Amino acid sequence: MFSKAARSRPGTGRLGPAGSDWSPYPRLEDAARAYFLHADVALEAVGGVLGRRKVRGFTLERVVDLTEAGASVWQEAAVCDGRRLILWHSEELADEAAPGGTVLDSSIQVLPLGAIGHVGMRTLVGRDERGARVDRGVYLVLATATPHELSAVQTDPDSPVASARLRPEAFRFSKSLEDGGPGQIARLIDFGRLLGRLVPH
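Quick notes on the rules
Residues numbered from 1 in each chain as written. Predicted model: local features only at pLDDT ≥ 70, side-chain atom pairs only at ≥ 80, totals over all residues. Heavy atoms only, no water. Axes fitted to C-alpha atoms, helices over the stretch in contact; angles between N-to-C directions. Helix = DSSP H or I, 4+ residues; strand = E, 2+ residues; numbered from the N terminus. Parallel < 35°, antiparallel > 145°, perpendicular 65-115°, else oblique. Left-handed = near helix turned anticlockwise from the far one by under 90°. Contact = heavy atoms within 4.5 Å. Salt bridge = Lys/Arg side-chain N within 4 Å of Asp/Glu carboxyl O. Buried < 20%, exposed > 50% of the residue type's maximum accessible area, 1.4 Å probe, protein only.

Caption draft 1: Focus on the packing of helix H1 (residues 28–35) against helix H2 (residues 39–50). Between H1 and H2, whose axes approach to 9 Å, the crossing angle comes to 150°. As far as their axial angle goes, H2 and H1 are roughly antiparallel. Read as a crossing pair, H1 and H2 show a hand that is right-handed. The residues of H2 that touch H1, namely those facing Leu28, Glu29, Ala32 and Arg33, are Ala39, Asp40, Leu43 and Val46.

Caption draft 2: Geometry of the pattern of salt bridges. For the coordinates displayed, the defined rule picks out nine salt bridges. In this structure, Asp30 and Arg27 form a salt bridge, with 3.4 Å as the shortest nitrogen-oxygen distance. Relative accessible area serves as the criterion here: at 1%, Asp30 is assigned to the buried category. Linking Asp81 and Arg53 is a salt bridge whose minimum nitrogen-to-oxygen distance equals 3.3 Å. Placement of the pair is Asp81 in the loop between strand S2 (70–80) and strand S3 (84–94) and Arg53 in the loop between H2 and strand S1 (57–67), with a sequence separation of 28 residues. Take Asp81: its relative accessible area is 2%, and that puts it in the buried class. Each member of the salt-bridge network shares a partner with another, and the members are Arg27, Glu29, Asp30, Arg33 and Asp40.

Such coordinate-based values are descriptive only and should not be taken to indicate function.
Here it is as structure tokens:
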């Protein structure tokens with residue numbers, strides 16, 4: 001399921017500081033503790049939905065935004081248990097009444113795999129200095145049939161009736177050599193292939 005470089009399980013004691021590369025860790029718990037600032041919140045939220053079901057694959061994302069108020073961290077986990085896609089994300093929000101001035105907005109969403117109508121994955125393939133193949137990036141899109149946005153489109157300026165454009169709900173994930181590195185690229189490719197196999201056709 002995972003790339004060859006990620007199959008050995010490092011000991012938990014070797015986890016680096018938050019933000020370390022998560023791709024060498026095949027277990028969600030170890031990967032989250034290596035990567036997330038709020039791993040306990042993420043694991044509690046996802047674990048409460050997983051129950052006794054096993055994790056078949058996952059991908060993690062973390063983005064640090066610099067604002068006038070300081071650094072804000074946005075974190076995301078997408079987990080597949082073979083039947084469902086479990087999406088967790090968190091964002092730090094300013095709250096002057098809270099100790100430290102921020103609170104963590106943690107949310108979770110669960111989709112049956114049957115709700116995913118489209119799995120699209122684009123891979124950027126290049127060569128290194130020796131001519132060997134290198135995956136330089138991957139972009140994964142999961143689209144559902146659930147309406148996300150409905151907007152009016154005026155096709156004829158003289159007509160009072162406008163047509164509607166429906167945009168389905170979609171989830172996007174990406175990794176590159178600059179954002180995640182080769183290990184996380186490989187893990188996201190594996191995750192996309194897993195969903196491509198499991199999503200009902």
